[in-house]
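What follows is the residue order along each chain.
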Amino acid sequence: MIDIKFLHGCERPTIAVLYQDSKESRHIKTYQVLLREKEFEDGPWSQGNVEQGSNILIPIPEPHGGVLVIGELTIGYLNGSAGGTNVSKSIGMRNTIMVAYGKVDADGSRFLLGDYQGRLHIVVLQHSEGQIVELTLETLGNTSIATTLSYLDNGFVFVGSAFGDSQLIRLQPSADEAYVNTHSLTHRRHRRRLVLIDWHYTHSGNYVQVHDTFLNLGPIVDFCVVDLERQGQGQIVTCSGAYKDGSLRIIRNGIGLNVAAAIELPAIRGLWALKKYEMDDYDSLLIAAQVGETRIFHVGEEWEEGSLGGFEANLQSLFCGNVAHGQLLQITSRSVRLIAAGGETLVTEWQAPAGDVRTCSLSLSLVE
Amino acid sequence: MFILTERYRFCVLAFDTIKQAIVTKSNGELQDRIGRPAEAGQMAVIDPDCRVIGLHLYDGLFKVIPMDPTTGKLEEAFNIRYAPARRSSRLPLCVKGPELTSDVPTAWRSFV
């Protein structure tokens, strides 16, 4: 038993089974699962002696149905109906072993295939008049050795890898962007097909662009602890990954930071996180003091720079914070401003008698 | 989401939109008292029309969990026995290789 898949579009649950016999030949059989009788009944079709290296079955959704049989030298499409003739199409490929697949379109006309060397391929089922007429296979580029392939949207694909770092990649429609654009303007309705044609015409390019990688130390087959700097802080050197994704990795004790968002702000003199309202679970305002001005950022799912009526934006802040009764406080070089909860309205303001305020200190209920 | 562990336990998880949480719809054990663990590894497949979950856990047995396509409720599992592909009668054989100097690991060759 090498692979089992349920077929699409069958009246009763039907499985296709890829198995090997005692002579090491591989065959495909279909069975219907009879729930009441609790037994199998022969399915609509079967195919003996498929390629010897066949190892994956991919069920094709409706309206076509049937399966793709992935081998080491060929990819075949098989389908059939009870008593009818079997449909079969196949193409050859460079000798490889496919280890993962992922569906691109809901109708199952394109599938991504990942091989054991981390090459990413796409197989296209071309159909006309409801019949699959031709299969084509293109190599798209290199990724980590895939364990799973999940097509997300807009050309983004998650490549889950057990042997290397998992990746979020984007498939470029073509090596030459301009070519696609000019053509898609004139043939907007056929854009998807054109993109496919592009994949056919340009052979040299790498269509894979890595957007993000997700660290994976496993499988760790060996490791040792070293203290290179002789400071008593041992480092672990691991033999991580396998095959082409094998690597030596150094693991140190420490803290890693992930940048969630970044805004360019020169010469920050002070930075305060505030709650807009007392009941808020999290700080929602970030106030940055710069020379001669104060900038306010609303922090949430997204960052946004904005203004709040209660705050003086044209002076440098010396302090901003939450104080008693849910109120907010801003101290600038000219005045102390007490602002109502929400930050929109000024409650009261104390003007410095003369000159600039240079320093201030305060406790929650007391300002000096 | 159907999850099967190597130790033959399974669960079905779903996202409850009202509670905004992942909930366990059902769980249980699928271990049989007899049977040889599947040589090709465990396989689990789900009917595209959600009528059954099929499992290949033991050689020669195909386990079926019937499912209600609308509610997703699972019914009692049963096994279907099928004629397995005949196994080669030859057993894997290990033969010790020639003895080498003591600080080099002894080489083993295996014939199938």
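Now for a description of the structure that goes with this document. It should be emphasised that the depicted structure is a prediction, and the values quoted were computed from it without experimental measurement.

## Observations concerning the overall build of chain A
Then step 1. In terms of regular secondary structure, chain A is built from two helices and 29 strands.
Then step 2. Across the 368 residues that make up chain A, the buried fraction comes to 42%.
Then step 3. Sequence-distant contacts in chain A: of pairs separated by 6 or more residues, those separated by 24 or more amount to 38%.
Then step 4. When the accessible surface of chain A is split by element, carbon and sulfur atoms take 50% of a total near 20,800 Å².

## Digging into the nonpolar core
Soluble, globular proteins show a tendency: their nonpolar side chains are buried together.
Then step 1. Ile4, Ile15, Val17 and Phe40 of chain A together with Phe62 and Val64 of chain B are the most contacted members of the largest nonpolar core, which has 17 residues in total.
Then step 2. At the level of secondary structure, the elements contributing two or more residues to this core comprise strand E1 (3-6), strand E2 (14-20) and strand E3 (26-34) of chain A together with strand E4 (43-46), strand E6 (61-66) and strand E7 (78-81) of chain B.
Then step 3. No other element matches the three residues that E2 of chain A contributes to this core.
Then step 4. Excluding residues within four positions of it along the chain, phenylalanine 40 of chain A makes contact with Ile15, Tyr31, Gln32 and Val33 of chain A together with Phe62, Ile80 and Tyr82 of chain B.

## Notes on unusual backbone geometry
Then step 1. Of note, the bond from glutamate 62 of chain A into proline 63 of chain A is cis; its omega dihedral lies within 30 degrees of zero at 10°.
Then step 2. Within the secondary structure, proline 63 of chain A sits in the loop between strand E5 (56-59) and strand E6 (67-70).
Then step 3. A cis amide bond links glycine 218 of chain A with the next residue in sequence, proline 219 of chain A, at an omega value of -15°.
Then step 4. Counting through the fold element by element, proline 219 of chain A comes out in the loop between strand E16 (208-214) and strand E17 (222-226).
Then step 5. Unlike most non-glycine residues, asparagine 154 of chain A shows phi in positive territory, near 50°.
Then step 6. Here asparagine 154 of chain A shows up in the loop between strand E13 (148-153) and strand E14 (156-160).
Then step 7. Even without a glycine there, the phi angle at cysteine 50 of chain B is positive, about 60°.
Then step 8. Among the structural elements, cysteine 50 of chain B can be located in the loop between E4 and strand E5 (52-58).
Then step 9. What makes cysteine 50 of chain B partly exposed here is its relative accessible area of 32%.

Quick notes on the rules
- Residues numbered from 1 in each chain as written.
- Chains lettered and ligands numbered in written order.
- Predicted model: local features only at pLDDT ≥ 70, side-chain atom pairs only at ≥ 80, totals over all residues.
- Heavy atoms only, no water.
- Helix = DSSP H or I, 4+ residues; strand = E, 2+ residues; numbered from the N terminus.
- Buried < 20%, exposed > 50% of the residue type's maximum accessible area, 1.4 Å probe, protein only.
- Contact = heavy atoms within 4.5 Å.
- Areas by Shrake-Rupley, 256 points an atom, 1.4 Å probe, with all protein chains shown as cover.
- Core = buried A, V, L, I, M, F, W, Y, C linked by side-chain atoms within 4.5 Å.

Everything listed here is a matter of geometry and, on its own, says nothing about what the molecule does.
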